[in-house]
Amino acid sequence: MSRVARFHADRTNQKLYFARLSCQQAEQTDHIQQVQAHREAAVFHLHGAVLAFLQELVRYYRLNDFMPTLKSIEDGMAEKGQVSPEVNVMQQLAKQGFIAELKRAYRMCQYAPEPSAPEPESETSSNLIIKVTQTPQAWLPDTKIIREWHRDLTQLIDGFRNEMVEF
């Protein structure tokens, strides 16, 4: 049995694949709402890939954790007197790195963005015209950024998997 199959990596791989498909679909459509839907779906799938990889880590380290987080894995490893290098790296990236950016985008997909206060147009002579339209997707990362997150996450997970050995 391959190492990938052994630690149930298939769900992580699926989520990465679905994120890639969503990016492709966003690039192939011109309808603004469909583009937004595909970009949001890509963000959801990338976030899901992070969660699925945490499940892989739980299985690899033989922890009893049905809804793992970085903190719960760290605590579970501490109880065993061990440290997970994967968790350490991911915690740093979750503080400042692409995982932090991904988490922010995921949160923004969950809630309506706070509208900014309308500002008067400076080029009008009366300054009475107020611009109230905004781009509805200004908070959503573009496909290029989502693809970068996908690449970074895939490389990170592949690197971790290559380092995982029996202990």
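Residues numbered from 1 in each chain as written. Predicted model: local features only at pLDDT ≥ 70, side-chain atom pairs only at ≥ 80, totals over all residues. Heavy atoms only, no water.

A.B. asks: Can you break down the overall build of the chain residue by residue, with the values?
C.D. replies: A tally of helices and strands in the chain yields seven helices and two strands. When the 167 residues of the chain are sorted by exposure, 39% land in the buried category. Of the contacts made within the chain by residues no fewer than 6 positions apart, 67% connect residues no fewer than 24 positions apart. (Helix = DSSP H or I, 4+ residues; strand = E, 2+ residues; numbered from the N terminus. Buried < 20%, exposed > 50% of the residue type's maximum accessible area, 1.4 Å probe, protein only. Contact = heavy atoms within 4.5 Å.)

A.B. asks: Please provide a residue-by-residue account of the nonpolar core, values included.
C.D. replies: With 36 residues, the main nonpolar core has Val 43, Leu 46, Leu 57, Ile 73, Met 90, Leu 153 and Leu 156 as its most contacted residues. At the level of secondary structure, the elements contributing two or more residues to this core comprise helix H2 (10-28), helix H3 (32-60), helix H4 (70-79), helix H5 (85-95), helix H6 (98-110) and helix H7 (143-163). Considering each element in turn, this core owes the most residues, ten residues, to H3. Those residues in contact with Ile 73, other than ones at most four positions away along the chain, are Leu 54, Leu 57, Val 58, Leu 63, Asp 65, Pro 68 and Val 87. (Core = buried A, V, L, I, M, F, W, Y, C linked by side-chain atoms within 4.5 Å.)

A.B. asks: For H7, give the residues involved together with the corresponding values.
C.D. replies: Helix length check: H7 (21 residues) gives 30 Å between terminal C-alpha atoms against 30 Å at 1.5 Å per residue, within 8%. Every buried residue of H7 is listed here: Thr 143, Ile 146, Trp 149, His 150, Leu 153, Leu 156, Ile 157, Phe 160 and Arg 161. Looking down the long axis of H7, one finds its buried residues gathered within 150° of arc, a one-sided arrangement. Exposed side chains of H7 directed beyond 90 degrees from the buried face belong to Lys 144, Gln 155, Asn 162 and Glu 163. (Expected span 1.5 Å × (residues − 1). Arc of directions from axis to C-beta.)

A.B. asks: Talk me through the environment of Leu 54; I want residue IDs and the actual numbers.
C.D. replies: Topologically, Leu 54 is positioned in helix H3. For Leu 54, a relative accessible area of 4% puts it in the buried group. As a C-alpha pair, Leu 54 and Thr 69 span 15 residues in sequence and 6.8 Å in three-dimensional space. Not counting residues within four places of it along the chain, the set of residues in contact with Leu 54 comprises Pro 68, Thr 69, Leu 70, Ile 73 and Met 90.

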